[in-house]
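Single-letter residue listing:
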Amino acid sequence: MAYYKKLKTDLLAAAAAGIITPGQADKAWEHAYSSRTFASFKAAHWIAAAAGLFIALGVILVAAHNWDKIGAIAKMGAFLLLFAGVAEAGLRLEEKPAAAIPLETIWFFMPVLGIGLYAQIFNLSGDPVKPYLVWAVLSAPLALFSKRPLAAYLTAILLFAVLYWGTLGSSNILALTAGYSHTAQPLQHWALALAVLAGGFAVYPGKNLAKPLGAGIVWLFFMMIADTAIRVRSEALVLLAGMSLAVLWLTWGGEEGGERPGLPLTAWTGAVYAMTFFWHYRPDIHHFYGGTDTVLGAVITWTIFVGALITLALRKQRLLPEGKMEDHLAKGLLAASMLAAFLLFDANEGSAKVLAVLANIILAAFGAGCIISGARNSNEKLINRGVLVITLTAITRFVDIFGGLLKSGVAFIITGLAFAALAYFVNRGRKALIDSVKK
């Protein structure tokens, strides 16, 4: 919301300066604000969605109370009639959100109720993932053709949840991990998993795919570090794959309204911050359990790395706001964060410490870039981000170097006082920077 607040302030200032008319400012604001997630949903719509959920739960409770008095055929027939009636009513009342939203909510949840009802009547059991896949397939038409995004968001969340749950298991139709048998899963499992992943992208509403892209990237990383056909086990390849995926997500994961890509940016920063802890690396005790790298896993890792480098060369960076200095700095930092993984090939304690120091330098340079760019562009949020990153880097480095000396109460008190002084001077510097850009 900070972006929209700043946009409104800038538009009002432009109108006051006579650059644009007040009417144009209002129209520009309404156009930008309407593009956000769930923009078309008002308070009444959320209440209507809750009404649909409560009605569905009420029907379930009533049916459960009289369950033994209803025959099997009557149960299924009543459910199918009710399902058809809800769908028909939802289509007929599509132009009336107060009625359509509760009906669409009931429509979305009814398939899983019907599947559970059918399984209970005929005492079925088996693969726990199949019912949820059927639920997603039955909900797909509603997600694709509804004028409102609610069903599409729910279906996409369902598909990604099933993808993670199923593929990380070892005994279902989506399982990709070897499990206790340590045998490769059938090839059709991978085909189905990729189809579910594609389905999540297809039904996700809107043009912005930052969130599903992130879900897909995180899933791929999980598949690479789990015991699958594409596993990687060496620290160097795991780090190279993780940083390359973080760079790809940051580069392609844009946000609405031209904002910095918040979640991908946080993921990249967190990944670089995690590298600072290689200061404590010991090659004799740090290793991944579960076998060696697979050939396919290594090929995928190098492919991702090359793709990230090509993306950096051909696509605009999204680490810092646009600018000649910012572009060179951002691309250099992103490339360095990936290339740092090469220090772990045949790593020893010395090279691991070099990696940790390099990660701290990357974070410090990123923080400084945020502060400088924020001051140049009068961006208070960017200044705060830079101060936060530099402060976190300084504290981490202090703990890394002097943490072993904290062996007495007096040492803790002195350290606490030092941190308090650091917080005071950092906050004063931050406020001075923000006040200078406001003048």
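Preceding this section is the structure that the text describes.
Scoring rules and cut-offs
- Note that residues are indexed from 1 along each chain, following the sequence as it is written.
- Residue-level local features of this predicted model are given only where pLDDT is at least 70; pairs of side-chain atoms are given and counted only at 80 or more, and the full residue set underlies all totals for whole chains, interfaces and linings.
- Note that the side-chain values use all heavy atoms of the structure and ignore hydrogens as well as water.
- What counts as an axis is a line fitted to C-alpha atoms, over the stretch in contact for a helix, and the angles between N-to-C directions run from 0 to 180 degrees.
- Secondary structure elements follow DSSP: runs of H or I no shorter than four residues count as helices, runs of E no shorter than two count as strands, and numbering proceeds from the N terminus.
- Note on angle classes: values under 35 degrees are labelled roughly parallel, values over 145 roughly antiparallel, values of 65 to 115 roughly perpendicular, and the remainder oblique.
- Only heavy atoms enter the contact rule, under which two residues are in contact if any of them lie within 4.5 Å.
- The nonpolar class holds Ala, Val, Leu, Ile, Met, Phe, Trp, Tyr, Cys and Pro. Asp, Glu, Lys and Arg form the charged class, and all remaining residues, Gly among them, are polar.
- Expected span of a helix: the number of residues minus one, times 1.5 Å.
- We call a residue buried when its accessible area falls under 20% of the maximum for its residue type, exposed when it is over 50%, and partly exposed in between, using a 1.4 Å probe and counting protein chains only.
- A residue counts toward a patch only above 30% relative accessible area and without a salt bridge, and it is joined to like-charged neighbours within 9 Å or, for Val, Leu, Ile, Met, Phe, Trp and Tyr, to nonpolar neighbours within 5 Å.
- For accessible areas, the Shrake-Rupley method is used with a probe of radius 1.4 Å. Any residue's cover is judged against the shown protein chains and nothing else.
- What makes a salt bridge here is a side-chain nitrogen of Lys or Arg within 4 Å of a carboxyl oxygen of Asp or Glu, nothing more.
- The term polar contact refers here to a pair of N or O atoms within 3.5 Å; inside protein, the definition further demands a hydrogen-donor-capable atom paired with an acceptor-capable atom, and it admits residues adjacent in sequence only when both atoms are side-chain atoms.
- Between the rings of Phe, Tyr and Trp (Trp by its six-membered ring), a pair exists once the centres lie within 6.5 Å; its type follows the angle of the planes, with under 30 degrees stacked, over 60 edge-to-face, and the other angles tilted.

**Q** What should I look at first to understand the packing of helix H9 (residues 210-225) against helix H10 (residues 235-252) in this one?
**A** Packed helices, taken two at a time, are described by the angle between their axes plus the distance between the axes. Running from N to C, H9 and H10 point in directions that differ by 170 degrees, and their axes come no closer than 10 Å. For the element pair H9 / H10, the angle class is roughly antiparallel. Residues Ala210, Leu213, Gly214, Ile217, Leu220, Phe221, Met224 and Ile225 of H9 lie in contact with H10, whose contacting residues are Val238, Ala241, Gly242, Leu245, Leu248, Trp249 and Trp252. When the residues that make up the contact of H9 with H10 are grouped by side-chain class, the tally is 13 nonpolar, two polar and no charged.

**Q** Which parts of the structure should I look at to understand helix H8 (residues 187-203)?
**A** Owing to its 3.6 residues per turn, the α-helix brings residues three or four apart onto one side. An ideal rise of 1.5 Å per residue puts 24 Å on 17 residues; H8 measures up with 25 Å between its terminal C-alpha atoms. Along H8, the positions that sit buried rather than exposed are His189, Trp190, Ala193, Val196, Leu197, Gly200 and Val203. Along its buried surface, H8 packs onto helix H6 (130-145), helix H7 (150-167) and H9.

**Q** Help me understand a nonpolar patch on the surface, please; the structure alone is not making it clear to me.
**A** Taken together, the side chains of Leu168, Val218, Phe222 and Ile225 make up a nonpolar region of the molecular surface, amounting to roughly 270 Å² of accessible area. Topologically, Val218 is positioned in helix H9. Given a relative accessible area of 30%, Val218 falls into the partly exposed group.

**Q** How should I be thinking about the packing of helix H11 (residues 262-275) against helix H14 (residues 349-376) in this particular structure?
**A** Interaxial distance between H11 and H14 falls to 7 Å at its minimum, and their mutual angle equals 145 degrees. Only Leu355, Ala356, Ala359, Ile362, Leu363 and Phe366 of H14 make contact with H11, whose side of the interface consists of Leu265, Trp268, Thr269, Val272, Tyr273 and Met275.

**Q** Got a minute to help me understand the side chain of Glu326 in this structure?
**A** Mapped onto the secondary structure, Glu326 falls in helix H13 (residues 324-339). Residue Glu326 is classed as buried on the basis of its relative accessible area of 1%. A polar contact is formed between the side chain of Glu326 and the side chain of Ser373, at a distance of 3.2 Å. If near-sequence neighbours (up to four positions away) are discounted, Glu326 is found in contact with Gln317, Leu320, Pro321, Ser373, Arg376 and Asn377.

**Q** I keep staring at H13 and nothing clicks. Help me out?
**A** In this model, H13 (16 residues) spans 23 Å end to end at C-alpha, consistent with the 22 Å of a helix rising 1.5 Å per residue. Along H13, the positions that sit buried rather than exposed are Glu326, Ala330, Leu333, Leu334, Ala335, Ser337 and Met338.

**Q** Would you mind going over the environment of Ala143 with me for this structure?
**A** Note on placement: Ala143 falls in helix H6. Accessibility expressed as a relative area gives 7% for Ala143, which makes it buried. In this structure, the C-alpha to C-alpha distance between Ala143 and Leu154, residues eleven residues apart in sequence, is 8.2 Å. Excluding anything up to four places from it in sequence, Ala143 contacts Ala151, Ala152, Thr155 and Val203.

**Q** Before we go on, may I ask you to explain the environment of Phe278 in this structure?
**A** For Phe278, the position within the fold is in the loop between H11 and helix H12 (295-314). For Phe278 and Ala356, which are 78 residues apart along the polypeptide, the C-alpha to C-alpha distance reads 5.3 Å. Setting aside its immediate chain neighbours within four residues, Phe278 contacts Leu239, Leu344, Ala352, Lys353, Leu355 and Ala356.

**Q** What is the right way to look at the packing of aromatic side chains in this model?
**A** The geometry of an aromatic ring pair comes down to the distance between the two centres and the angle between the two planes. Counting across every chain of the model gives 16 aromatic pairs. Ring centres 5.4 Å apart and planes at 85 degrees place the aromatic pair Tyr153 and Tyr204 in the edge-to-face group. Residue Tyr153 is found in helix H7, and its partner Tyr204 is found in the loop between H8 and H9; the two are separated by 51 residues along the sequence. Tyr204 sits in the buried class, given a relative accessible area of 14%. On the basis of an interplanar angle of 85 degrees and a centroid distance of 6.0 Å, the ring pair of Tyr164 and Phe222 is categorised as edge-to-face. On the criterion of sequence distance, the pair formed by Tyr164 in helix H7 and Phe222 in helix H9 is long-range, its members being 58 residues apart. Residue Phe222 is classed as partly exposed on the basis of its relative accessible area of 32%. Taken together, the ring pairs in this structure connect Phe108, Phe109, Tyr132, Trp135 and Trp165 into an aromatic cluster.

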